[in-house]
Amino acid sequence: MTDTQPSTAPPSFDALAEAIRHRRSVYGHLSGLRMDRYAPGEAWSTLPYRPVFVGDSDTGVIHGGVVTAMLDESCGMAVQLALDGTRAIATLDLRIDYQKPATPGLDIKAHAACFRVTRSIAFVRATAYQEQESEPVATATACFMVDANRTNMLVDRPVFAGEPAPLEAPEDGGGLFASSPFARCLGIRAGEGDTLVMPFSQRIIGNPVLPAIHGGMTGAFLETTAIITVMRELGVSAPPKPIGLTINYLRSGRALDSMASASIVKQGRRVVAFEA
């Protein structure tokens with residue numbers, strides 16, 4: 001007589017979607033991002049408006065990094081909905097094109113679709129909008145690594161339930177980020193020379209098992225660094241409006257403080273190209 005291990009059947013699609021809804025990134029949960037609808041390889045989500053998400057208090061416009069993080073998370077949901085939920089994924093590259101500023105006070109919605117999966121790479125497109133998908137706030141294209149590590153989303157990741165704890169933005173008087181609540185929420189501060197520092201904290205975690213910093217938080221940090229650099233170099237007081245952002249992820253962000261610097265590559269009359 002031989003012992004046989006019981007086969008583990010893959011979860012039903014609805015069970016997979018329910019797991020994705022509750023077993024996501026730490027930042028995704030704290031931000032209040034919720035998955036409203038789903039289909040194989042597609043996710044529709046909503047990010048409720050919060051004052052802490054503002055990038056410039058003078059205009060009330062949402063920080064571009066909030067949109068970046070939402071699109072990154074939404075793309076990840078779509079990839080998981082194209083797989084069986086057991087395989088870990090990680091963002092390889094993310095391209096964001098900002099179409100227009102988000103209207104202050106309104107929620108942001110996203111629709112992400114994973115349109116192709118190979119043995120090791122998943123390809124995704126996504127749109128962030130507020131009232132109609134045909135009038136986007138931003139669009140994104142992304143590539144995700146499949147089987148990025150040994151973690152299992154359905155087993156290893158904690159279940160998030162209930163209302164998330166509030167995100168806070170400490171006051172900063174006349175400091176560098178006095179008018180940017182989201183930058184203060186992330187704890188970004190000036191470092192040595194022209195560098196900025198984003199201290200590691202629980203709120204910026206993507207994969208809680210490793211733990212690893214959320215790819216969207218890395219993007220938000222790089223974008224913030226570029227904005228500050230452009231303001232310093234050009235001697236302007238108003239934050240420049242980001243148009244496009246391409247992020248290449250070389251490895252996971254570990255549970256350590258992150259540092260960033262940026263430089264202007266090319267400057268035109270209205271457009272500045274940078275590298276961070």
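Residues numbered from 1 in each chain as written. Predicted model: local features only at pLDDT ≥ 70, side-chain atom pairs only at ≥ 80, totals over all residues. Heavy atoms only, no water.

Turning to the overall build of the chain, a few remarks are in order. Looking only at helices and strands, the chain features five helices and 16 strands. Relative to the 2.2 N^0.38 estimate, which gives 19 Å for 276 residues, the radius of gyration of the chain is 19 Å and therefore close to what a compact globule would have. Summarising its shape, the C-alpha atoms of the chain cover approximately 80 × 40 × 35 Å along the three principal directions. For the chain, long-range pairs separated by at least 24 residues make up 67% of all intrachain contacts whose partners lie at least 6 apart in sequence. (Helix = DSSP H or I, 4+ residues; strand = E, 2+ residues; numbered from the N terminus. Rg over C-alpha atoms; globule rule 2.2 N^0.38 Å. Contact = heavy atoms within 4.5 Å.)

On to the pattern of salt bridges, then. Tallied over the entire structure, the rule returns six salt bridges. We note a salt bridge from Arg 34 to Asp 36, for which the minimum N-O separation is 3.2 Å. On the basis of relative accessibility, which here comes to 39%, the residue Arg 34 falls in the partly exposed class. In this structure, Asp 147 engages Arg 87 in a salt bridge whose closest nitrogen and oxygen atoms are separated by 3.3 Å. Placement of the pair is Asp 147 in the loop between strand E8 (136–146) and helix H4 (181–185) and Arg 87 in the loop between helix H3 (64–82) and strand E5 (89–98), with a sequence separation of 60 residues. With a relative accessible area of 45%, Asp 147 lands in the partly exposed category. (Salt bridge = Lys/Arg side-chain N within 4 Å of Asp/Glu carboxyl O. Buried < 20%, exposed > 50% of the residue type's maximum accessible area, 1.4 Å probe, protein only.)

A few words on the side chain of Glu 223. Of note, Glu 223 is situated in helix H5 (residues 215–234). Salt bridges are absent for the buried Glu 223, whose nearest opposite-charge side chain, Arg 95, sits at 11 Å. When residues no more than four places from it in sequence are discounted, the contact partners of Glu 223 are His 63, Gly 64, Gly 65, Thr 68, Tyr 98, Pro 242 and Leu 245. (Lys, Arg positive; Asp, Glu negative; His and termini not counted.)

Turning our eyes to something else, we now look at the environment of Phe 123. Inspection of the secondary structure assignment puts Phe 123 in strand E7 (residues 121–129). For the pair formed by Phe 123 and Pro 166, sequence separation is 43 residues and the distance between their alpha carbons is 33 Å. Contact partners of Phe 123, with chain neighbours within four places excluded, come to Ala 113, Cys 114, Phe 115, Arg 116, Thr 118, Ala 142 and Cys 143.

Turning our attention to the packing of aromatic side chains. Tallied over the full model, the rule gives three aromatic pairs. With 5.7 Å between their ring centres and 55° between their planes, Phe 13 and Tyr 38 make a pair best called tilted. Highlighted residues: Phe 13 in helix H1 (residues 13–22) and Tyr 38 in strand E1 (residues 34–39), separated in sequence by 25 residues. Judged by centre distance (6.3 Å) and plane angle (40°), the rings of Phe 115 and Phe 123 are tilted. Judged by its relative accessible area of 45%, Phe 115 falls in the partly exposed class. (Phe/Tyr/Trp six-rings, centres within 6.5 Å; stacked < 30°, edge-to-face > 60°.)

Once that is clear, we can look at the side chain of His 63. Structurally, His 63 is set in the loop between strand E4 (61–62) and H3. Aside from chain neighbours lying at most four places away, what touches His 63 is Phe 53, Val 54, Gly 55, Ser 180, Phe 182, Ala 220, Glu 223 and Thr 224.

Another aspect to go through is the nonpolar core. Nonpolar side chains tend to gather and get buried jointly when the protein is soluble and globular. If you look at the biggest cluster of nonpolar residues, it comprises 67 residues, and the most contacted ones within it are Phe 53 and Leu 71. Broken down by element, the residue count for this core peaks at ten residues, all from H3. What Leu 71 contacts, discounting residues up to four positions off in sequence, is Ile 96, Ala 110, Ala 126, Thr 127, Ala 128, Ala 138, Thr 139 and Ala 140. (Core = buried A, V, L, I, M, F, W, Y, C linked by side-chain atoms within 4.5 Å.)

Strand order across the open sheet formed by seven strands is E1-E2-E6-E7-E8-E5-E13, with antiparallel pairing between neighbours. Strands at the two margins of the open sheet, each flanked by one partner only, are E1 and strand E13 (244–248). When strand polarity is set aside, the average angle formed by the axes of neighbouring strands in this sheet is 20°. Two strands pair when backbone bridges link them, and strand E2 (residues 42–47) and strand E6 (residues 108–117) are joined in this way by six bridges, in the antiparallel orientation. Counterpart to Leu 47 in the pairing with E6 is Ile 108. Strands E1, E2, E5, E6, E7, E8 and E13 of the sheet are contacted by H3, whose axis makes an angle of about 45° with E6. (Pairing = 2+ DSSP bridges. Axes fitted to C-alpha atoms, helices over the stretch in contact; angles between N-to-C directions.)

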